[in-house]
Amino acid sequence: MSDEKVLVTGSAGHLGEALVRSIRAEGREVVGLDVLESRFTTVTGSITDREVLRRCLDGVTGVLHAATLHKPHVSSHGRQAFVDTNVSGTLALLEESAAAGVRSFVFTSSTSAFGRALTPTADEPAAWITEDVVPVPRNIYGVTKIAAEQVCELIHRDHGLPVVVLRTSRFFPEDDDRDEVRAVYDGLNAKVNEFLYRRVELQDAVDAHRLALARAPQLGFGRYIVSATAPFSPDDLGRLRSDAPAVVERLFPDHVAEFARRGWRMFPGLDRVYVNDRAREDLGWTPRYDFRHVLDLVRADEDIRSPLTRAVGIKGYHLQPHGVYTTRPR
């Protein structure tokens, strides 16, 4: 609606910029908040600063909270920094949003929060990951994301603020941060493989956030997995773990020739499958980018990235050289 004003936190990041771009393109008013200056940041400040938050929330009807310390920061930031930003900052934003009369609040969480629940032992089938799976956080990033989700639910119950939590799967444009993956798989090869079970296109993630913002008043509180639609069923889980190429060839026989043409390889086994059924049903979300779609783009020698992803580009997560994610945000 034309009278809606939206606050986007983390506006200098991949998702934050994409959200600001999307909202601005509709001619709607948007406030971008980040600790880093950028073309999509209108207020430079921290989500832990309540005075800054009150100024940003003036007249705001909806909040898209994407600001966070990410998994790549685990090796560069202390645990207290994660608690300060991901938990205390989220609490401050929730409380100030409730006080300001915000009508909808969307919190960007992560499938990484499932942690050790994503990796069964070697002799077990792949994990079928729905919202009902109990998280077992692997690191401080996961711990603080789960804590922030719980704070979201608490503020909803105590103050009536409509909140939707979206556990998004990976959409970063950089190559995988694991040396063993980069040594064997071309970056594009790995991303295409991931659309089978653990990746979402940035445009689809933005669409989910926009829908969640609109549906929050009716939902009250909800928690959803946001990932590309997987082509598998629970009956595939055992074979997926031991022989993923055979399962994928059965479902997509045409991928074999295309992978051979490019010298690509399918992952030998998949450890988990993200299930997005609940998000599609409750949010009315229809993600376009799945393995079938990106495979068709690859066969046509077209870019598998959405126009929005290409516009946002690669940002990285560190201002100084640190691992594979070092590009300074624009």
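Bear in mind the structure is a predicted one, so any value in this text is a computation, not a measurement.

*Asks:* Explain the packing of aromatic side chains to me, please; I cannot follow it from the model alone.
*Replies:* Scanning the model with the defined rule gives 4 aromatic pairs in all. With 4.9 Å between their ring centres and 65° between their planes, Phe252 and Phe291 make a pair best called edge-to-face. In this pair, Phe252 sits in the loop between helix 8 (237-251) and helix 9 (255-262) while Phe291 sits in helix 11 (residues 291-299), placing the two residues 39 residues apart along the sequence. Here the aromatic residues Tyr185, Tyr197 and Phe267 are joined through ring pairs into a cluster of three or more. The ring of Phe114 carries Arg167 above its face, with NZ or CZ at 4.6 Å from the centroid. The ring of Phe172 carries the charged tip of Arg199 above its face, separated from the ring centre by 5.5 Å.

*Asks:* In this structure, what is going on with the sheet that holds strand 4 (residues 62-65)? I would like to understand it.
*Replies:* In a beta sheet, neighbouring strands pair by backbone hydrogen bonds and run either parallel or antiparallel. With parallel pairing, 7 strands are arranged side by side in an open sheet as 3-2-1-4-5-7-8. The open sheet terminates on both sides in strands that have one partner only, identified here as strand 3 (43-44) and strand 8 (221-226). Here strand 1 (residues 5-9) runs beside strand 4; their pairing, made up of 4 bridges, is parallel. Considered in strand 4, the bridge of Val6 is made with Gly62. Against the sheet, helix 7 (residues 202-219) engages strand 1, strand 4, strand 5 (104-110), strand 7 (163-168) and strand 8, with an angle of about 135° to strand 5.

*Asks:* Would you mind showing me how to read empty space enclosed by the protein here?
*Replies:* Once rolled over the atoms, a probe with the size of a water molecule shows which space is left empty. Evaluation of the coordinates by the stated rule reveals 1 cavity of 30 Å³ or more. Considering only enclosed or pocket space, the largest cavity measures out at about 30 Å³ in volume. What lines the largest cavity is simply His14, Phe171, Pro173, Leu202, Thr309, Val312 and Gly313. Across the lining of the largest cavity, the residue classes tally to 4 nonpolar, 3 polar and no charged.

*Asks:* Explain the packing of helix 9 against helix 11 to me, please; I cannot follow it from the model alone.
*Replies:* Angle between the axes and distance between the axes: these two values describe a pair of packed helices. Contact pair helix 9 / helix 11: the axes reach a minimum separation of 11 Å and the direction vectors enclose 50°. As the angle between them shows, helix 9 and helix 11 are arranged oblique. Relative to helix 11, the crossing made by helix 9 is left-handed. Residues His255, Glu258, Phe259, Arg261 and Arg262 of helix 9 lie in contact with helix 11, whose contacting residues are Phe291, Leu295, Val298 and Arg299. Counted by class, the contact of helix 9 with helix 11 contains 4 nonpolar, 1 polar and 4 charged residues.

*Asks:* Sorry if this is basic, but what is going on with the environment of Phe259 here?
*Replies:* One can find Phe259 in helix 9. In the structure, Phe259 is positioned 180 residues away from Arg79 in sequence and 42 Å away in space, judged by C-alpha atoms.

*Asks:* Where do I start with the environment of Phe82 in this structure?
*Replies:* Tracing the backbone through its elements, the reader meets Phe82 in helix 3 (residues 79-99). Residues Phe82 and Gly160 lie 78 residues apart in sequence; the distance between their C-alpha atoms is 27 Å.

*Asks:* Help me understand the layout of surface pockets, please; the structure alone is not making it clear to me.
*Replies:* Looking at the second largest pocket, its volume works out to about 300 Å³. Lining the second largest pocket are 21 residues, with Lys191, Asp303, Ile304, Arg305 and Thr309 sitting closest to its centre. Element by element, the count of residues in the lining of the second largest pocket is highest for helix 6 (residues 187-194), at 3 residues. Class assignment of the residues belonging to the lining of the second largest pocket gives a composition of 10 nonpolar, 3 polar and 8 charged.

*Asks:* How do you make sense of the side chain of Glu96 when you look at a structure like this?
*Replies:* With respect to the helices, strands and loops of the structure, Glu96 is situated in helix 3. For Glu96, a relative accessible area of 9% corresponds to the buried category. Within the structure, Glu96 has its side chain in polar contact with the side chain of Arg50 (distance 2.9 Å). With sequence-adjacent residues up to four places away left out, Glu96 is seen in contact with Arg50, Leu53, Arg54 and Leu57.

*Asks:* Mind showing me how you'd approach unusual backbone geometry here?
*Replies:* Among all residues save glycine, negative phi is the norm, and among peptide bonds the norm is trans. The backbone phi angle of Asp301 is positive, close to 55°, even though this residue is not glycine. For Asp301, the location among the structural elements is in the loop between helix 11 and helix 12 (307-312). We classify Asp301 as exposed; its relative accessible area is 52%.

*Asks:* What should I look at first to understand helix 3 in this one?
*Replies:* Note: α-helices contain 3.6 residues per turn, so residues at a spacing of three or four share the same orientation. When the terminal C-alpha atoms of helix 3 are compared, their 29 Å separation across 21 residues agrees well with the 30 Å that a helix rising 1.5 Å per residue should span. Among all positions of helix 3, only Phe82, Asn86, Val87, Gly89, Thr90, Ala92, Leu93, Leu94, Glu96 and Ser97 are buried. Residues of helix 3 that are buried sit in contact with strand 1, helix 2 (50-56), strand 4, strand 5, helix 4 (140-159) and strand 7. In the segment just after helix 3, Gly101 is the residue with positive phi, at about 80°.

Here is what the cut-offs are and how they apply
Residues numbered from 1 in each chain as written. Predicted model: local features only at pLDDT ≥ 70, side-chain atom pairs only at ≥ 80, totals over all residues. Heavy atoms only, no water. Phe/Tyr/Trp six-rings, centres within 6.5 Å; stacked < 30°, edge-to-face > 60°. Helix = DSSP H or I, 4+ residues; strand = E, 2+ residues; numbered from the N terminus. Lys NZ or Arg CZ within 6 Å of the ring centre and 35° of its normal. Pairing = 2+ DSSP bridges. Contact = heavy atoms within 4.5 Å. Axes fitted to C-alpha atoms, helices over the stretch in contact; angles between N-to-C directions. 1 Å grid on protein atoms, 1.4 Å probe; cavity = no way out; pocket = protein on both sides within 12 Å on 5 of 7 lines; lining within 4 Å. Points joined across faces, edges and corners; volume = space filled by probe spheres on them. Nonpolar A, V, L, I, M, F, W, Y, C, P; charged D, E, K, R; others polar. Parallel < 35°, antiparallel > 145°, perpendicular 65-115°, else oblique. Left-handed = near helix turned anticlockwise from the far one by under 90°. Buried < 20%, exposed > 50% of the residue type's maximum accessible area, 1.4 Å probe, protein only. Polar contact = N/O pair within 3.5 Å; in protein donor to acceptor, adjacent residues only side chain to side chain. Expected span 1.5 Å × (residues − 1).

By themselves, these observations are geometric and do not establish any function.
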